[in-house]
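The lines below spell out each chain.
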Amino acid sequence: MNQTPSNRSRIRRVPTASGATASSSVASASTRKSGGKKQVPDIQQSRLADKPQEYEYLLRRVPVGATSTVELEGARAKRRTLVAAAAVRSQGKARGRSASSRRGPYPLILGLLGAFVVLGLVLVVFLLASKGKLPALAFGGATPTQEVAPTQPVEAVGSNVTVAPTVKSQPPTVDLNATPVSLFGPSSPGVNKGQLNLPRGIAQDANGNFFVADAQNLRIEKFDGTGKFVTMFGSKGDRDGQFNPISDEGVGTGPGGLAVDKAGNVYVADTWNHRVQKFDNNGKFLAKWGGYINLTDADAATNPTKDQMFWGPRGVATGPDGNIYVTDTGNKRVLIFDASGKPVRKIESGMSPTQKGPEYPFSKPGELNEPIGIAVDAGGNVYVADTDNHRIQKFDKDGKPAAQWPVPEGMWAPGPYLEPFLAVDSAGNVYATAPTGHTVLKFDPTGKLLGQKNKQGDVTLRTPTGIMVTADGTAYVVDTDANAIINLGKIP
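Here is a short report on the structure shown in this document. From a predicted model like this one, the values you see are computed outputs, not experimental measurements. (Residues numbered from 1 in each chain as written. Predicted model: local features only at pLDDT ≥ 70, side-chain atom pairs only at ≥ 80, totals over all residues. Heavy atoms only, no water.)

Points about the overall build of the protein chain
For the protein chain, the count of helices and strands is three helices and 32 strands. Summed over all atoms, the accessible surface of the protein chain reaches about 22100 Å², with 55% contributed by carbon and sulfur. (Helix = DSSP H or I, 4+ residues; strand = E, 2+ residues; numbered from the N terminus. Areas by Shrake-Rupley, 256 points an atom, 1.4 Å probe, with all protein chains shown as cover.)

Set out below in structure tokens:
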């Protein structure tokens, strides 16, 4: 399966695989900022040495002004240093073995006797446990239904993901007898019916049912209009109906954006399987299309299916024409398909082997740099969250640039789960989540900022990502860090 992707140490709270938070010291060897620039994460520290697609993705996220070659050579130099250090440690171990060999056979004999004693004790314990004379044991410090939280997760700056060390978590077990949790009720991160763990996308069908991308749990959950749990579908993998994270250590990087067509079919951005999946209203798998492609590769231009392939797609929307609009984030473009997945047209930035970042900024009108959220209004106009350009771009129904406007400073700053999504209401107003601004912005169709809102009652947004807006202007927002869906009401 293909998988893609501050000058001081600081302590911060970063989500772990279990949905809790853990304190970690983020040192300059893993991820750091220097002189206001994001640096390329060390390939050993980010565990991407054998995953060139993911490593390339991190490299390409260096901001304009950085020198790609210098960054890459720096990472390579660091890797050589680590290899050299490992060699020194290996030599030290060899010297230790040589010294121990001069001590004679007695330490070896004593060691073997000790090992036999330990094995005998373990055998006795298991025999007692099997006869019910001891409680069940869960070696490794966790029961089979718990997750082993990775220690010291580190933020992969510029990749929009949190990459943890290679401490694998045991697959969580769903308690099918547990009482389902309401979508709008109090909840803690979990795996049971109705529970969410680092959710991202949200959509609603014509009957008022909600669909939520439960990213860390690698599934989609369905709730009725009152928030009552209905069903869930999906699991980890790359087969039909399955979803994958960016890597086993990528926290909260499962399925992304969602959309529902007039017939009630559900379309999901299966981000790190580099595809879109289509399900019926009850979660039955219907179709898929996609596959990994990097438009800067030399052979990409001659690939006959290049306009049906992706690099980490994030946002999905349906249009009044019945077509499906997808942000092909890594390739800096929008691809439009019919409901069966057949390519219709595209909005592209001209990314190619000779035009790529960071040397080329992709900042002209109509060009996209890390497009995430997408929405289509009743007239067929397309709105795109042009994330790295800190702006929203508007294209007409033929894909021609129509307008652009900036988002307020700090609203789309670098950070984990920097995935601003968009929605439009029946009047054509545009809503944008601001993950690092902890609020939702509302613009008119020309880009005038009408207002913003960050709380409803005693609930304040922490990391808003996915969003949908009903016909009457009520906004429902995914709060990723809070593992919750917030009815934000109307934004003035």
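Regarding unusual backbone geometry
The linkage connecting Gly357 with the following residue, Pro358, adopts the cis geometry, with an omega of 0 degrees. A positive phi angle is found at Glu370, which is not glycine, with a value near 65 degrees. Examined against the element boundaries, Glu370 turns out to sit in the loop between strand E19 (343–348) and strand E20 (371–376). On the accessibility criterion, Glu370 (2% relative accessible area) is buried. Positive phi values are uncommon outside glycine, yet His438 reaches one of about 60 degrees. Take His438: it is sitting in the loop between strand E25 (430–434) and strand E26 (439–443). Residue classification places His438 among the partly exposed residues on the basis of a relative accessible area of 38%. (Buried < 20%, exposed > 50% of the residue type's maximum accessible area, 1.4 Å probe, protein only.)

Section: the side chain of Glu367
Here Glu367 lies in the loop between E19 and E20. Despite its burial, Glu367 remains without a salt bridge, the nearest opposite charge being carried by Lys364 at 5.1 Å. (Lys, Arg positive; Asp, Glu negative; His and termini not counted. Salt bridge = Lys/Arg side-chain N within 4 Å of Asp/Glu carboxyl O.)

What to know about the layout of surface pockets
Quantified by volume, the largest pocket comes out at close to 1000 Å³. In this structure, the largest pocket is lined by 36 residues; those nearest its centre are Gln204, Val260, Thr318, Val376 and Val469. Mapped onto the lining of the largest pocket, the elements with two or more residues apiece are strand E7 (202–204), strand E12 (258–260), strand E16 (316–318), E20, strand E24 (422–424) and strand E30 (464–469). When residues in the lining of the largest pocket are grouped by element, the largest group, four residues, is from E30. Looking at the lining of the largest pocket residue by residue, the classes come out as 21 nonpolar, ten polar and five charged. (1 Å grid on protein atoms, 1.4 Å probe; cavity = no way out; pocket = protein on both sides within 12 Å on 5 of 7 lines; lining within 4 Å. Points joined across faces, edges and corners; volume = space filled by probe spheres on them. Nonpolar A, V, L, I, M, F, W, Y, C, P; charged D, E, K, R; others polar.)

Examining the packing of aromatic side chains
Scanning the model with the defined rule gives 14 aromatic pairs in all. For the pair Phe223 and Phe229, a centre-to-centre distance of 6.0 Å together with 80 degrees between the ring planes defines the contact as edge-to-face. For Phe229, a relative accessible area of 13% corresponds to the buried category. Feature note: the residues Phe233, Phe243, Phe279 and Phe285 constitute an aromatic cluster, connected by ring pairs. (Phe/Tyr/Trp six-rings, centres within 6.5 Å; stacked < 30°, edge-to-face > 60°.)

Side note on the nonpolar core
Within the largest apolar cluster, 16 residues are counted, with the highest numbers of intra-cluster contacts made by Ile392, Trp412, Leu422 and Phe443. For this core, the secondary structure elements donating two or more residues are strand E21 (382–386), E24, E25 and E26. With three residues, the single largest contributor to this core is E25. Excluding residues that lie within four positions of it along the chain, Leu422 makes contacts with Gly373, Ile374, Ala375, Tyr383, Val384, Ala385, Ile392, Tyr431, Ala432 and Ile467. Core analysis: the next-biggest nonpolar cluster, separate from the first, contains 13 residues, Val440, Ile467, Val477 and Leu488 among them. (Core = buried A, V, L, I, M, F, W, Y, C linked by side-chain atoms within 4.5 Å. Contact = heavy atoms within 4.5 Å.)

Comments concerning the pattern of salt bridges
Under the defined criterion, the tally for this structure stands at 13 salt bridges. The salt bridge partner of Asp214 is Arg219, with a shortest N-O separation of 2.8 Å. Judged by relative accessible area, Asp214 falls into the buried class, the value being 0%. We classify Arg219 as buried; its relative accessible area is 5%. The salt bridge involving Asp307 is made with Arg333; its shortest N-O contact spans 3.0 Å. Highlighted residues: Asp307 in the loop between strand E15 (285–290) and E16 and Arg333 in strand E18 (residues 333–337), separated in sequence by 26 residues. Given a relative accessible area of 23%, Asp307 falls into the partly exposed group. Three or more residues joined by partner-sharing salt bridges are found here, namely Asp307, Asp328, Arg333, Lys346 and Glu348.

Considerations on the sheet that holds strand E8 (residues 210–214)
Pairing within the open sheet is antiparallel, and its four strands lie in the order E7-E8-E9-E10. For this open sheet the edge positions go to E7 and strand E10 (229–233), each flanked by a neighbour on one side alone. Averaged over all pairs of adjacent strands, the angle between strand axes in this sheet comes to 20 degrees, irrespective of strand direction. Relative to E8, E7 runs antiparallel, the two being bridged by three bridges. By the bridge assignment for E8, Gln204 is matched with Phe210. (Pairing = 2+ DSSP bridges. Axes fitted to C-alpha atoms, helices over the stretch in contact; angles between N-to-C directions.)

So, the pairing of strand E22 (residues 391–395)
E22 sits mainly inside the fold: five of its five residues count as buried. Residues of E22 alternate between two faces, with Arg391, Gln393 and Phe395 on one and Ile392 and Lys394 on the opposite face, all of them buried. Bridge count between E21 and E22: five bridges; the pairing is antiparallel. Within E22, the position partnered with Ala385 by the bridge is Ile392. Of the strand pairs in this sheet, E22 and strand E23 (residues 401–406) are connected by five bridges, and their pairing is antiparallel.

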